[in-house]
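Topology and contacts: notes
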Amino acid sequence: MIDLRSDTVTRPGEAMLSAMLTAETGDDVYGDDPTVNALEAEIAHRSGKQAALFLPTGTQANLVALLCHCNRGEEYIVGQLAHNYKYEAGGAAVLGSIQPQPILQERDGTLPLATVEQFIKPDDIHFAITRLLSLENTFNGKVLPLSYLEQAWDFTRQHDLALHIDGARIFNAAVTLGLPLEALARYADSLSICLSKGLGAPIGSLLCGSQQFIQRARRWRQMTGGGMRQAGILAAAGLYALEHNVARLQHDHDNAAWLAEELKAAGVAVSRQDTNMVFIKLPQAQIAPLKEWLKQRDILVSTGEVTRLVTHLDIDRRALENVVDAWREFLQLYG
Ligand SMILES: *Cc1c(COP(=O)(O)O)cnc(C)c1O
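Residues numbered from 1 in each chain as written. Predicted model: local features only at pLDDT ≥ 70, side-chain atom pairs only at ≥ 80, totals over all residues. Heavy atoms only, no water.

Some details on the side chain of glutamate 88
Definition in use: Numbered from the N terminus, helices here are DSSP runs of H or I no shorter than four residues, and strands are runs of E no shorter than two. Residue burial is assigned from relative accessible area. The probe radius is 1.4 Å, only protein chains are included, and a residue is buried under 20% of its type maximum, exposed over 50%, and partly exposed in between. Counting rule applied: Lys, Arg positive; Asp, Glu negative; His and chain ends not counted. Any carboxyl oxygen of Asp or Glu that lies within 4 Å of a side-chain nitrogen of Lys or Arg is treated as forming a salt bridge with it. Here a polar contact is taken to be a pair of N or O atoms separated by no more than 3.5 Å, where protein atoms must pair a possible hydrogen donor with a possible acceptor and residues adjacent in sequence count only if both atoms sit in side chains. Throughout, a contact is declared for two residues whenever any of their heavy atoms are within 4.5 Å.
Topologically, glutamate 88 is positioned in the loop between α4 (83–86) and α5 (91–96). Although buried, glutamate 88 forms no salt bridge, and the nearest oppositely charged side chain, lysine 197, lies 7.6 Å from it. A distance of 3.0 Å separates polar atoms of two side chains, one belonging to glutamate 88 and the other to asparagine 62. Not counting the four nearest positions on each side in its chain, glutamate 88 is found in contact with Gly58, Thr59, Asn62, Leu63, His83 and Asp166.

Some remarks on the nonpolar core
For soluble globular proteins, nonpolar side chains are generally found buried alongside one another. Put simply, the rule reads: Among buried residues, the Ala, Val, Leu, Ile, Met, Phe, Trp, Tyr and Cys ones that are joined through side-chain atoms within 4.5 Å form a nonpolar core.
Counting 52 residues, the largest nonpolar core has Ile43, Phe54, Leu133, Leu135 and Phe171 as its most contacted members. With six residues, helix α11 (residues 232–244) is the single largest residue contributor to this core. Ignoring anything within four residues of it in the chain, the contact list for isoleucine 43 reads Ala52, Phe171, Leu181, Ile193, Leu206, Cys208 and Leu242.

Considering the site of the ligand
Selection criterion: Note on terminology: near, applied to a residue and a molecule or strand, indicates that one of the residue's heavy atoms is within 4 Å of it. Accessible areas in this description were obtained via Shrake-Rupley with a 1.4 Å probe; residue shielding takes into account the shown protein chains only.
Around the ligand, the neighbouring residues are Thr57, Gly58, Thr59, Asn62, His83, Glu88, Glu136, Asp166, Ala168, Arg169, Cys194 and Lys197. Note that an oxygen atom of the ligand is positioned 2.8 Å from one of the backbone N or O atoms of glycine 58. Between the ligand and aspartate 166 there is a distance of 2.6 Å, counted from a nitrogen atom to a side-chain nitrogen or oxygen. The fraction of the free accessible surface of the ligand (380 Å²) that becomes covered by protein chains is 82%.

Some remarks on the packing of helix α2 (residues 34–47) against α11
This is how the line gets drawn: To obtain an axis, a line is fitted to C-alpha atoms, over the contacting stretch when the element is a helix, and the angle between two such axes runs from 0 to 180 degrees between their N-to-C directions. It is the rotation of the near helix from the far one that decides the hand of a crossing: anticlockwise by less than a right angle makes it left-handed, clockwise makes it right-handed. When residues are sorted by character, Ala, Val, Leu, Ile, Met, Phe, Trp, Tyr, Cys and Pro go into the nonpolar class, Asp, Glu, Lys and Arg into the charged class, and all the rest, Gly among them, into the polar class.
The geometry of α2 relative to α11 is characterised by a closest axis approach of 8 Å and an angle of 35 degrees between their N-to-C directions. The chirality of how α2 crosses α11 is left-handed. For the pair α2 and α11, the contacting residues are Thr35, Val36, Ala38, Leu39, Glu42, Ile43 and Arg46 in the first and Gly232, Ala235, Ala236, Gly238, Leu239, Leu242 and Glu243 in the second. For the contact of α2 with α11, a count of residues per class yields eight nonpolar, three polar and three charged.

The following block contains the structure:
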């Protein structure tokens, strides 16, 4: 199967499985799992933060972060299309009585700070209390400019807001910029990171922040049902991923760039390629037959209003050559 639907579809390879199999474990709710502790220490070090927490999912990491930053009746300013506004089932509102204040992202994934400023509520009994600015990096594959992160950081210091970065794919951004994680993480009070996307672990996310923040986060993780016991078998996959699968993200980016060029050359309307994602605007009539055509050739894609192809560690250049060939054949018959 050539699965281009997402970078979440990767399966652990033999070396990762072997690391999981031989992991030292203990009861992590007691703080006794040495592998979880090692993973948390490793990402705290890499992000330049005091502490970190291992959670089952990115959704829970973002939720816990919001619960730490905002109390009931407080709000966070967030992108209209941000994962932690649109795609997390309204968890912060449901479980935290936290009000989101969404504003439209720019195409490059930034939230214009002049607009953010307009939405910061004055101290007035009618209004929720604005506490947090939440950014996403990468956003739809786009790397937020470092200069913007710096401006957003200064802006939040001036306005007494905290800054959270949903960095599900922040390593794709770091690799693109050729910078260590710390160089991006320094512009955030808290940062969530997915191990289960481009990094290729089967499960797991990390939340980084100050000692005090992570202590609070640990309680919220417990309350939201995320306290895991011998989680070292999962953390071992995360440690393996951090050690072996970060620098190689560049291959995914190169593969996505190659795929975009080849499809363009074949006459496909590629609208954009960033990091490991290619976005295509298909003619309406092609959507269903193309999906079926590719599926019959063991190629899975998410088609729709915009079709998104995602490269990852289970996709090599050979696989992409097959995709381009299949697509060309399709266009010869239906194009
Ligand atoms: C995938 C993703 C998440 C959530 O991660 P899960 O582990 O699927 O819950 C959060 N934010 C962004 C930007 C993501 O892409």
